[in-house]
Amino acid sequence: RKARPLSLLLCLSRWKCLYSKSNMKARKLCWLLLVLGLALACMLAGSKASLALLICLVVLPLVCVLCVVGVRDKLRAGLSLPVNLNKGEEGTVSLTVTNPTWLPIFCLTCCLTVENCLSDSQESLQVQTFLLPKQTQKVTLQLDSRWCGRLRMTADRFRLYDCFGLIPIPAAMTAAGALTVQ
């Protein structure tokens, strides 16, 4: 395997795969197909049950967005890195997000950026996870660099989503850390 100057390897929990980018697109498509199918059933059959389900499918994301807007200012993020790392050696980086409220966050995404301050090389990675009520979610990553220097890592551009992943809500959280590669 050929090493890159900065490489990030994801080692995430089993729940991580539920919120990958392709699964978010699949959830959006499923939501759209359900809404279209129920709208068609309402028009053709005039069923009250399909109308009630259609209303629920349209209102549920809006209710989730209202909950997310109320929660987004209370969330906290932190980044822990090793202080020193040898060249070519992998180190563990942990992104921790805490939800102190009673409301769950169905999907949270953020952008992790690693920058080598000496060589100005940079690499970004999109991380997705979820947050249970009154819990802390920890995402573990493996970081290595084959170049010496000071690495600065930031987690920013946090986005919170409703239960179907339709509406992104920005959150004003950031986390930063630095390490030295010798």
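Residues numbered from 1 in each chain as written. Predicted model: local features only at pLDDT ≥ 70, side-chain atom pairs only at ≥ 80, totals over all residues. Heavy atoms only, no water.

Draft legend 1. Representation of the pattern of salt bridges in the model. On inspection of all chains with the given rule, the structure shows one salt bridge. The partner of R152 in a salt bridge is E115, with the nearest N and O atoms 2.5 Å apart. Here E115 lies in strand β5 (residues 105-116) and R152 lies in strand β8 (residues 149-161), a separation of 37 residues in the sequence. Owing to a relative accessible area of 39%, R152 belongs among the partly exposed residues under this scheme. (Salt bridge = Lys/Arg side-chain N within 4 Å of Asp/Glu carboxyl O. Helix = DSSP H or I, 4+ residues; strand = E, 2+ residues; numbered from the N terminus. Buried < 20%, exposed > 50% of the residue type's maximum accessible area, 1.4 Å probe, protein only.)

Draft legend 2. Structural context of a nonpolar patch on the surface. Together, L51, I55, V58, V59, L62 and V63 line one region of the surface with nonpolar side chains, adding up to about 480 Å² of accessible area. With respect to the element layout, L62 can be found in helix α2 (residues 48-71). (Patch = residues over 30% accessible without salt bridge, like charges linked within 9 Å, V, L, I, M, F, W, Y side chains within 5 Å. Areas by Shrake-Rupley, 256 points an atom, 1.4 Å probe, with all protein chains shown as cover.)

Draft legend 3. Just the packing of aromatic side chains, in detail. Scanning all chains against the criterion turns up one aromatic pair. Aromatic side chains W31 and F164 sit 6.4 Å apart centroid to centroid with 50° between the ring planes, which places their arrangement in the tilted category. Taken together, the positions of W31 in helix α1 (residues 21-45) and F164 in the loop between β8 and β9 (168-171) put the pair 133 residues apart, joining distant regions of the chain. Residue classification places W31 among the buried positions, given a relative accessible area of 17%. (Phe/Tyr/Trp six-rings, centres within 6.5 Å; stacked < 30°, edge-to-face > 60°.)

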